[in-house]
Amino acid sequence: MAILLLFITVFVALFAIMNPIGAVPILITLTDGYSLKERKEVIRRSVYMASGMVFGFMFLGVYIFDILGISIYDFEIAGGILLFKVGFDMLQGKTSTTKITNAEQQDSADREGIAIAPIGTPLLAGPGTITTAIIYFNRAGIDIFSRLMVVVAVILVLVLAFIILRYSLPIFQKIGKTGSIVISRIMGLLLTAIAVDLITTGIIHIFNVL
């Protein structure tokens, strides 16, 4: 039951922070004038880029902590604050500047490789997504089965992100920009709740260690 709860928590957290539905209007704007084949290629490359970023930092996270001399509890608190910021922005119907800035969104249309930046990163695999994956995969005392569930949750979110972006045009026609904002606000509410849990858990563990 605990492993299943971990899987659901990680899946919801990552899906909320990645928010592929909220990314649909941005993708359509950035790929305006692209052919269907070109848009498919952008989506494929962006998901590959996001996957590499998330899994790379997730597996190397513990070594990064050792080098910097920080604990996972410190990272939980810092990560929780970051996720709260992103979730709060989403509740207001905005795209958090930790994911993509207005300047990046405007300039990207004139640059090559928008699949890598800003769609692959930071829109899909931004600081919040990477932080969430690192925290849950490297939590103290986590066993191999729990880590496997985290990996499965990450893969499932990335697959869903690919499917949603692949069918971004029909999805946008159905829900429109208003619908994507409403969904983003719901995701933001879930994300802020998870962020509070990470912050309180990190604080409790730090005080227990002292």
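Residues numbered from 1 in each chain as written. Predicted model: local features only at pLDDT ≥ 70, side-chain atom pairs only at ≥ 80, totals over all residues. Heavy atoms only, no water.

(A) Representation of helix 9 (residues 168-209). Between its first and last C-alpha atoms helix 9 spans 47 Å; for 42 residues at 1.5 Å apiece the expected length is 62 Å, and the helix comes up short by more than 12%. At G176, helix 9 shows its strongest bend, of approximately 85 degrees. (Helix = DSSP H or I, 4+ residues; strand = E, 2+ residues; numbered from the N terminus. Expected span 1.5 Å × (residues − 1). Bend = angle between axes of the 7 residues up to and from the residue.)

(B) Looking closely at the side chain of S184. Position of S184 relative to the elements: it lies in helix 9. Contact partners of S184, with chain neighbours within four places excluded, come to N19, G22 and M90. (Contact = heavy atoms within 4.5 Å.)

(C) Spatial organisation of a nonpolar patch on the surface. On the surface, a nonpolar cluster with roughly 430 Å² of combined accessible area is contributed by F84, F88, L91, L189 and V196. When residues of the nonpolar patch are traced back to their parent elements, those giving at least two are helix 4 (72-91) and helix 9. It is helix 4 that provides the largest number of residues to the nonpolar patch, a total of three residues. Within the secondary structure, V196 sits in helix 9. V196 gets classed as partly exposed once you look at its relative accessible area, which sits at 40%. (Patch = residues over 30% accessible without salt bridge, like charges linked within 9 Å, V, L, I, M, F, W, Y side chains within 5 Å. Areas by Shrake-Rupley, 256 points an atom, 1.4 Å probe, with all protein chains shown as cover. Salt bridge = Lys/Arg side-chain N within 4 Å of Asp/Glu carboxyl O. Buried < 20%, exposed > 50% of the residue type's maximum accessible area, 1.4 Å probe, protein only.)

(D) How the structure looks around the packing of aromatic side chains. If you walk through the whole model with that rule in mind, you get five aromatic pairs. For the pair F55 and F59, a centre-to-centre distance of 5.9 Å together with 20 degrees between the ring planes defines the contact as stacked. Taken together, the positions of F55 and F59, both in helix 3 (residues 36-68) and four residues apart, correspond to about one turn of that helix. Under the relative-accessibility criterion, F59 is labelled partly exposed at 43%. Their ring planes at 55 degrees and their centres at 4.9 Å tell us that F65 and F75 sit as a pair that is tilted. Taken together, the positions of F65 in helix 3 and F75 in helix 4 put the pair 10 residues apart, joining distant regions of the chain. Of the two residues, F65 and F75, both sit in the buried class. Each residue in the set F7, F11 and F15 is aromatic and connected to the rest through ring pairs, giving one cluster. Of note, R147 hangs over the ring of F137, and the distance from its end group to the ring centre comes to 4.9 Å. Seen from the ring of Y167, R166 lies directly overhead, with NZ or CZ sitting 5.0 Å from the centre. (Phe/Tyr/Trp six-rings, centres within 6.5 Å; stacked < 30°, edge-to-face > 60°. Lys NZ or Arg CZ within 6 Å of the ring centre and 35° of its normal.)

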